[in-house]
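# Coordinate analysis (summary)
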Amino acid sequence: MDTQTKLGKTQLNINRIGFGGIPIQRLSYEESDRVVQKAVDAGINFFDTSRIYSDSEEKLGRILAGHRKKVVIASKTFSRDGDAVKKDLETSLKQLGTECIELMQCHNIGSPNELDQIMAPGGALEALEQALQEGKIQHIGITGHKPPLLLEALKKYPFSTVQVPLNIIETGALQELIPYARSQNIGTIAMKPVAGGALQNVKLNLRFILANGIDVAIPGMDKEEQINENLSILENLSPLTKKELEILENEKKALDENFCRRCEYCMPCPEGLPISFLHTLSAYYFRYNLKDWAWNRIQSLPKSYQDCTGCNECIGKCPYDLDNPSIFQDTWKRVQEDRGV
Ligand code: SF4
Ligand code: SF4
């Protein structure tokens, strides 16, 4: 299997191990410079970031601005409205130190309503199409955590790429979304290849993803040694043996049972808690160690862990039987202890 690929219809030639730009947020500029430079030197040429990853774009831009001919930058806008997207894009271009971003993605489309918003006149897609005309971006992609919704999006609009979580725990995308994307020559990008740090066997998990035909996996990297380790899997991209799959299945079983797959079957919560997002934030807080980032978001939510009334409505609807009231109570206690509040 090739270690390089064309990213679907974008025809961008990229290494199948890309660079996930979330974890560098917790590094100093000097540390981040070293990691990003090492990634470029080692041959990584696909760098994924987002307008909402605090200083990630800026940190990538400090190094990538000097290598524009050999790297592909993928960023994202969380805005749904066209005017806000235009502002985001100008900021992204400035932070990344570039005149053109190869791939701009609509970030985390989470509901049919959000999909309608970006597709409406004056919405995000109209602004991104204008940016295409102006040469500020080259391609438009979409990201999200719900494979069926992303599939609907791909059928409604000719996105060039789709980015979705994929790992041994979150395999929903393999059912219909990825086969459909491949049939339409839409580039496929796997985020969260080790489930936000929950999975320990990085190499086998990355191989599992790439052996399933995904164009590029983007593990987050914040240490120089992770770069060669992640790239080393490209030496052997054969499908996992039965024994190797068993290792991953055992890892999956051994994982904390409180692992939320973000399927959202539990929604809506009568109290208005964004249940799966709260699980995501606790993963960012405790697994990714992005404490300040997660804390700011927890504080900005209208309803959070402490507002769970324990009505238990979500438990019956969760296919994984997650005891959200207890989990949220425990999470809130741990966060409070950690913040000293
Ligand atoms: S138990 Fe808490 S999170 Fe679950 S539905 Fe009730 S209020 Fe919402
Ligand atoms: S709590 Fe359960 S039902 Fe709700 S999103 Fe997570 S895994 Fe899905």
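Structure's up top.
Scope of this entry: the structure provided in the associated data block. (Residues numbered from 1 in each chain as written. Chains lettered and ligands numbered in written order. Predicted model: local features only at pLDDT ≥ 70, side-chain atom pairs only at ≥ 80, totals over all residues. Heavy atoms only, no water.)

## Examining the site of ligand 2
Taken together, 13 residues form the shell around ligand 2, and within it Cys260, Cys263, Glu264, Cys266 and Cys318 come nearest. For the shell around ligand 2, the per-class residue count stands at eight nonpolar, two polar and three charged. (Near = heavy atom within 4 Å. Nonpolar A, V, L, I, M, F, W, Y, C, P; charged D, E, K, R; others polar.)

## Things to note about helix H5 (residues 124-133)
Since the α-helix turns once every 3.6 residues, residues separated by three or four places project in the same direction. Among all positions in H5, only Ala124, Leu125, Ala127, Leu128 and Ala131 are buried. Down the axis of H5, the buried set is contained in an arc of 160 degrees. They therefore lie on one face. The elements touched by buried residues of H5 are helix H3 (82-96), strand E6 (101-106), helix H4 (112-119) and strand E7 (137-143). Following H5 by one or two positions, Gly135 has its phi on the positive side, about 75 degrees. (Buried < 20%, exposed > 50% of the residue type's maximum accessible area, 1.4 Å probe, protein only. Helix = DSSP H or I, 4+ residues; strand = E, 2+ residues; numbered from the N terminus. Arc of directions from axis to C-beta. Contact = heavy atoms within 4.5 Å.)

## Observations regarding the pairing of strand E5 (residues 72-77)
Along E5, six of the six residues are buried, which leaves the element largely enclosed by surrounding structure. Handedness of the crossover is the feature at issue here: the chain leaves strand E4 (residues 46-48), passes through helix H2 (residues 56-64), returns alongside E5, and the resulting connection is right-handed. Alignment of E5 against E6, held across four bridges, turns out to be parallel. Note on E6: the bridge partner recorded for Ser75 is Met104. (Right-handed = clockwise from strand over helix to strand, strands pointing away. Pairing = 2+ DSSP bridges.)

## Some thoughts on the packing of aromatic side chains
Across all of its chains, the model carries seven aromatic pairs by this definition. Aromatic pair Tyr285 and Phe286: ring centres 4.8 Å apart, planes at 55 degrees, arrangement tilted. Accessibility expressed as a relative area gives 26% for Phe286, which makes it partly exposed. In textbook terms, an aromatic cluster arises when at least three aromatic residues are bridged by ring pairs, as seen for Trp295, Tyr305, Phe328 and Trp332. The ring centre of Tyr180 lies 5.3 Å from the NZ or CZ of Lys155, which sits over that ring. Looking at Arg334, its charged tip hangs above the ring of Phe286, at a distance of 3.9 Å from the centre. (Phe/Tyr/Trp six-rings, centres within 6.5 Å; stacked < 30°, edge-to-face > 60°. Lys NZ or Arg CZ within 6 Å of the ring centre and 35° of its normal.)

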